[in-house]
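Remarks on the overall topology
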2 protein chains.
Amino acid sequence: MDPQIPKGFRDFLPERMRLRKRLMATMTDVFERFGFEPLDTPCLEYAETLLGKYGEEGDRLIYKFQDRGERMVALRYDLTIPLSRVVAMHPEIIKPFKRYHIAPVWRADKPQKGRFREFYQCDIDIIGATSMYADGELLVITYTVLKELGFKNFIIRINNRKILNAFAVNNGIPEDRLPDFLRSLDKLDKTGLEGVFAELTEKGLLSDRLRSSLASLTAEGAAADHEACIALLDGLVQGHALGQEGVAELRTIHETLKGHDVDPACYRFDFTLARGLDYYTGPIFETIVTEPKIGSITGGGRYDNLIGLFSKETFPATGTSFGLERLITIMEELGSAEAKHPVTQVLITQFDRELMPRNLRIARMLRDAGINTEVYFSPDKLKKQLTYASHKAIPFVAILGPDEDSAGKITVKNMSNGTQETLLQTELAAWLHAQHRNP
Amino acid sequence: MDPQIPKGFRDFLPERMRLRKRLMATMTDVFERFGFEPLDTPCLEYAETLLGKYGEEGDRLIYKFQDRGERMVALRYDLTIPLSRVVAMHPEIIKPFKRYHIAPVWRADKPQKGRFREFYQCDIDIIGATSMYADGELLVITYTVLKELGFKNFIIRINNRKILNAFAVNNGIPEDRLPDFLRSLDKLDKTGLEGVFAELTEKGLLSDRLRSSLASLTAEGAAADHEACIALLDGLVQGHALGQEGVAELRTIHETLKGHDVDPACYRFDFTLARGLDYYTGPIFETIVTEPKIGSITGGGRYDNLIGLFSKETFPATGTSFGLERLITIMEELGSAEAKHPVTQVLITQFDRELMPRNLRIARMLRDAGINTEVYFSPDKLKKQLTYASHKAIPFVAILGPDEDSAGKITVKNMSNGTQETLLQTELAAWLHAQHRNP
């Protein structure tokens, strides 16, 4: 039988897993520092829970099948809808509920370079808080995670659906065509302003007034500093109450970012950000990296009405999602992925079977001292045992022969420079610890 | 829409997640101490990869469906077959390959108390080592994990398929009926000796000789001490080369356990252990807890021929699996699950909007000091904010009013005893650290 892995899916061998685990550990650490708690939900949901929440395109990409002749089930498509279901089913959860969730999701997309059918999302959401300090906190966390991962060239783009709506209405878009308008605007990064104009014309939405408003805004918005940008948006929504609310919301978010000393060069109030999903109701945000060009690495926004789809009671909610796969791609491309760094710190060689009880006892001593230790399983030639250590990049090899053992000693070889010395067996753990501190 | 979770599936709210995460962290820590490395594989495999590997019963329980009109895919049923596929596809992996994998698996079983359709397995396997020191190491790890989790009353049962085969052949079972014999013997714990006799009679396998051999062995085997037990087994396989090999294998495993000071009361050479799966070729093992009675919590064995199903080259392999769900059930029943222990260590209350920039700055200071900190999002009445902290069991609340702030001070309240004191804001982090050390 020819072993195969399904198209669009991946195995992660140890070296890649270590980087993934380090990323997830950094995120978890930051999330908990802000008081977020872990949640896990099943990989399968009833299909009806997911369908109709992600637009037509989304519905097509959901993996669904019949569960043992019972109901249709589906592999989860993101972590937001399962969270909404959990909150609706568990009214006892204390609000605001701040949770994180790091887990795979599935999309039956056409596999292509950099696009997979199974990938991890890392989400933080705050349920039950109307305050914009909550939305601001999500962005402070975004900034903190990216900084702690060593990212330098990134920009968090921030906008507000209320401002977009006010702008659209002020420029003659009928209320019921708003989603259409936003979907076209969302393509600005991909198709440029002319592409957006073409699509809006096709949809019969492009007036001269809208054309010139869009042109002047996209030219100005990105360049202005934060205060100027907010003032510009303020002018834009004059006479539109909801739009003014949107601008006030941006101000509070700005205040939160300043309060946490977020580098002003790392965020931008960006009128052209639209985000794809229909369910956003207020602030929306995403993070782009300027190098390498790879699209957005985080995305989110406020979705105050979504939980109401599952429950008589609704809850204000806001959240953001980190794309683990893209973060890793960037770290690998920028060379900031860590060098080969094996789990095992020392290998104890096997001279012969007679000495194995001693090897096991020394291994136990080292492990008790917190040193990751392997004992070589077979009495192979020493050269073969050293080759194994070298291929696995194990930094130290402890060699025990009968003469050394009868003197209570052991020889330890530094695999990176070839030096070796002979120590008392009882000193080995402390010696290895010292090497680790002063390599 | 009425929110529902599919039958046989579970959400894990934060309190339960914390215990799960602690368990997985302990295991990972022990696995790495023995030089095991992480691997991850997709949740979906091609159906043909899984089918025919777990017996008829297993095939029925595999969740399978058509992938976008392409090939049949299936949710993974365990972590061993995916590992075998990975090893067959990646000949470059250095052997022995010691890997761990902690991940969910799926079985379309009838949901019932304590049996779920989605559950976690925690597996360690060693690929490419024929030495019994490898099998012994798996048992040392089993012991170490259970000890570090606080388990007291458990017994690792150890047997060897080669001994079982020799016994069966010496007692008149034809070679081709061996799997039948083992499947009946495997039910000893559930049905008792009489039940096994009944089933063997039904299958036409029970001779008088087999009956008396089984009766005397099951009476003696469990009681004898380890050396006596091995001697007994040695007598059993006289004249059967493969059986003698099996006994020699048990001796090396015993040596490994002694070398690592494993408590002799925690393991047993147990002739009646058979294990369900067909693919085991040598040592087999499982762990039972004597209280509460809950079945086995780990299980595994050597499967030297399995990888050959996927590859021209085959590799010796041995592994064991921890049942996360059962471990948790036991920890909860024995009350060794940790007490409510929230993520957040301190909540900073909000007096009014004016003071929020200061709250954010203090929060930043605390987070930079590694203290998990929440800032309350709304200027609610203080009583409401304290109630939130108390419901979430947050141990400290930092209260900042304008008078305190103008003096550079802050009041901190210990929620468990109600005491409070006023400190300099700059001293808060150190004060909280000190409380943590001397609660």
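A quick note: this is a predicted structure, and the numbers were derived from the prediction, not measured.

Brief notes about the overall build of chain A
Helix and strand counts for chain A stand at 16 helices and 16 strands. Whereas a compact globule of 439 residues would reach a radius of gyration of roughly 22 Å, chain A reaches 28 Å, over 25% beyond that. The burial tally for chain A puts 58% of its 439 residues in the buried class. Contacts in chain A between residues far apart in sequence, at least 24 positions, make up 67% of those at least 6 positions apart.

Some words on the domain arrangement of chain A
What the domain assignment lists for chain A is domain 1 (14–333) and domain 2 (346–437). Distance from the C-alpha centre of domain 1 of chain A to the C-alpha centre of domain 2 of chain A: 52 Å.

Some remarks on the nonpolar core
By size, the foremost hydrophobic cluster in this structure holds 120 residues, and its most contacted members are A:Met27, A:Phe31, A:Phe151 and A:Phe181. When residues of this core are assigned to their parent elements, the largest contribution, 10 residues, is made by helix α5 (residues 132–148) of chain A. Apart from residues lying up to four places away in sequence, A:Phe181 is in contact with A:Leu164, A:Phe167, A:Ala168, A:Ile173, A:Leu200, A:Leu205, A:Leu210 and A:Leu214. Judged by nonpolar contacts, the second largest core, of 118 residues, contains A:Phe377, B:Ile141, B:Ile253 and B:Phe271.

Here's the deal with helix α6 (residues 161–170) of chain B
For the α-helix, the turn length of 3.6 residues means that residues three or four positions removed from each other point alike. Residue and element names in this part refer to chain B. Extensive coverage of α6 is indicated by the burial of 8 of its 10 residues. Turning to α6, its buried residues number three or more, namely Arg161, Lys162, Ile163, Leu164, Asn165, Ala166, Phe167 and Ala168. Backbone nitrogen of Lys162 and a side-chain oxygen of the N-cap are separated by 2.8 Å at the start of α6; the cap is Asn160.

Looking at the pattern of salt bridges
Tallying each qualifying case throughout the model produces 76 salt bridges over all chains. In this structure, B:Arg71 engages B:Glu48 in a salt bridge whose closest nitrogen and oxygen atoms are separated by 3.1 Å. With B:Arg71 in the loop between β3 (64–66) and β4 (72–75) and B:Glu48 in helix α2 (residues 47–50), this pair connects stretches of sequence that are 23 residues apart. Among the salt bridges present, the one from B:Asp368 reaches B:Arg364, with a minimum N-O distance of 3.2 Å. Taken together, the positions of B:Asp368 and B:Arg364, both in helix α13 (residues 356–368) and 4 residues apart, correspond to about one turn of that helix. Residue classification places B:Asp368 among the exposed residues on the basis of a relative accessible area of 55%. B:Arg364 sits in the partly exposed class, given a relative accessible area of 27%. Each of A:Arg18, A:Arg367, A:Glu374, A:Lys392, B:Glu37, B:Lys98 and B:Glu137 takes part in one network of salt bridges that share partners.

Points about the sheet that holds strand β7 (residues 154–160) of chain B
Residues and elements named next belong to chain B. The mixed open sheet is built from 8 strands, whose spatial order is β1-β5-β6-β11-β10-β9-β7-β8. Of all strands in the sheet, those bounded by a partner on one side alone are β1 (37–38) and β8 (267–269). Packing of helix α1 (residues 14–33) onto the sheet brings it into contact with β1, β5 (97–106), β6 (118–127) and β11 (317–323), and relative to β5 it is tilted by some 160°. Packed onto the sheet, helix α12 (residues 324–333) meets β6, β9 (283–289), β10 (296–302) and β11 and runs at close to 40° relative to β11.

A look at helix α16 (residues 428–437) of chain B
Residue and element names in this part refer to chain B. When we look at burial in α16, the residues that qualify are Leu428, Ala429, Trp431 and Leu432. Taken down its axis, α16 places every buried residue within 165° of arc, on the same side. Summarising the contacts, the buried residues of α16 are in contact with β12 (346–348), α13, β14 (396–399), β15 (409–414) and β16 (420–424).

Some words on the pairing of strand β4 (residues 72–75) of chain A
Residue and element names in this part refer to chain A. Pairing of strand β2 (residues 44–46) with β4, which is carried by 3 bridges, proceeds in the antiparallel orientation. In the strand pairing of β4, Leu44 is matched with Leu75. Where strand β3 (residues 64–66) and β4 come together, 3 bridges link them in antiparallel fashion. Within β4, the residue paired with Gln66 across the bridge is Met72. The loop that links β3 with its antiparallel partner β4 comprises 5 residues; one of these, Arg68, has a positive phi angle of about 45°.

Focus: the packing of helix α6 (residues 161–170) of chain A against helix α11 (residues 241–259) of chain A
Residues and elements named next belong to chain A. Two numbers describe how α6 lies on α11: the axes approach to 7 Å, and their chain directions differ by 145°. At the point where α6 passes α11, the crossing takes the left-handed sense. Facing α6, whose interface residues are Lys162, Ile163 and Ala166, α11 presents Leu242, Gly243, Glu245, Gly246, Val247, Glu249 and Leu250. Partitioning the contact of α6 with α11 into residue classes produces 5 nonpolar, 2 polar and 3 charged.

A look at the relation of the copies chain A and chain B
Here chain A sits on chain B after a turn of 180° about the axis and a move of 0.0 Å along it, with an RMSD of 0.0 Å. Both copies are brought into coincidence by an operation consistent with a two-fold rotation axis. Taking C-alpha positions as the reference, the residue of chain A nearest the rotation axis is A:Phe65, at 3.2 Å.

What to know about the packing of α6(B) against helix α7 (residues 178–185) of chain B
Residues and elements named next belong to chain B. Where α6 meets α7, the closest approach of the two axes is 11 Å, and the angle between their N-to-C directions is 110°. Classified by the interaxial angle, the pair formed by α6 and α7 is roughly perpendicular. Between α6, through Arg161, Leu164, Asn165, Phe167 and Ala168, and α7, the contact on the second element is made entirely by Leu178, Phe181, Leu182 and Leu185. When its residues are assigned to classes, the contact of α6 with α7 shows 7 nonpolar, 1 polar and 1 charged.

Focus: the confidence of the model for chain A
When pLDDT is averaged along chain A, the result is 91, and 97% of the positions lie at 70 or above. The ipTM assigned to the predicted complex is 0.90, against a pTM of 0.91.

Let's talk about the side chain of B:Glu325
All names here are of chain B. The residue Glu325 is located in helix α12 in this model. By relative accessible area, which is 11% here, Glu325 ends up buried. Engagement of the side chain of Glu325 in a polar contact is seen with the side chain of Arg10, the distance being 3.1 Å. Setting aside chain neighbours within four positions, we find Glu325 in contact with Arg10, Phe12, Arg20, Phe119 and Tyr120.

Structural notes on the state of the cysteines
The full count for this structure, using the stated rule, is 0 disulfides over all chains. Left unpaired, A:Cys43 is separated from the closest cysteine sulfur, that of B:Cys43, by 5.2 Å.

Description of the sheet that holds β12(B)
All names here are of chain B. Pairing is mixed across the open sheet formed by 5 strands, whose spatial order is β13-β12-β14-β15-β16. In this open sheet, the two strands that pair with only one neighbour each are β13 (373–375) and β16. Neighbour-to-neighbour, the strand axes of this sheet turn through a mean angle of 25°, independent of strand direction. Where β14 lies against β15, 4 bridges are found, and the strand directions are antiparallel. What sits directly across from Ala398, in β15, is Val412.

A short note on the interface of chain A and chain B
Between chain A and chain B, the residue contacts involve 98 residues of the former and 98 residues of the latter. Buried area between chain A and chain B, both sides added, is near 9000 Å², and the carbon and sulfur share of it is 58%. Viewed at the interface, chain B and chain A are joined by 38 residue pairs in polar contact (both at pLDDT 80 or more). When grouped by side-chain class, the residues that make up the side of chain A that touches chain B number 47 nonpolar, 18 polar and 33 charged.

Describing the packing of aromatic side chains
Residues and elements named next belong to chain B. If you walk through the whole model with that rule in mind, you get 25 aromatic pairs over all chains. Geometrically, the ring pair formed by Tyr279 and Tyr280 is edge-to-face, given 5.3 Å between the ring centres and 70° between the ring planes. Stacked on the ring of Tyr46, the Lys or Arg Arg71 has its end atom at 3.6 Å from the ring centre.

Notes on the environment of B:Ile399
Residue and element names in this part refer to chain B. Topologically, Ile399 is positioned in strand β14. Here Ile399 falls in the buried class, since its relative accessible area comes to 15%. Setting aside residues up to four positions removed in sequence, Ile399 forms contacts with Thr349, Leu382, Glu404, Ile410, Thr411 and Lys413.

What to know about the environment of A:Gly295
Residue and element names in this part refer to chain A. Relative to the helices and strands, Gly295 resides in the loop between β9 (283–289) and β10 (296–302). Considering only alpha carbons, one finds Gly295 and Gln385, 90 residues apart in sequence, at a separation of 46 Å. Setting aside its immediate chain neighbours within four residues, Gly295 contacts Thr287, Ile288, Val289 and Arg326.

The rules behind each value
Residues numbered from 1 in each chain as written. Chains lettered and ligands numbered in written order. Predicted model: local features only at pLDDT ≥ 70, side-chain atom pairs only at ≥ 80, totals over all residues. Heavy atoms only, no water. Helix = DSSP H or I, 4+ residues; strand = E, 2+ residues; numbered from the N terminus. Rg over C-alpha atoms; globule rule 2.2 N^0.38 Å. Buried < 20%, exposed > 50% of the residue type's maximum accessible area, 1.4 Å probe, protein only. Contact = heavy atoms within 4.5 Å. Domains from an automatic or database assignment. Core = buried A, V, L, I, M, F, W, Y, C linked by side-chain atoms within 4.5 Å. Polar contact = N/O pair within 3.5 Å; in protein donor to acceptor, adjacent residues only side chain to side chain. Salt bridge = Lys/Arg side-chain N within 4 Å of Asp/Glu carboxyl O. Pairing = 2+ DSSP bridges. Axes fitted to C-alpha atoms, helices over the stretch in contact; angles between N-to-C directions. Arc of directions from axis to C-beta. Left-handed = near helix turned anticlockwise from the far one by under 90°. Nonpolar A, V, L, I, M, F, W, Y, C, P; charged D, E, K, R; others polar. Least-squares fit on C-alpha atoms with pLDDT ≥ 70 in both. Parallel < 35°, antiparallel > 145°, perpendicular 65-115°, else oblique. pLDDT = per-residue confidence, 0-100. Disulfide = S-S within 2.5 Å. Buried area = accessible area lost by both parts, 1.4 Å probe. Phe/Tyr/Trp six-rings, centres within 6.5 Å; stacked < 30°, edge-to-face > 60°. Lys NZ or Arg CZ within 6 Å of the ring centre and 35° of its normal.

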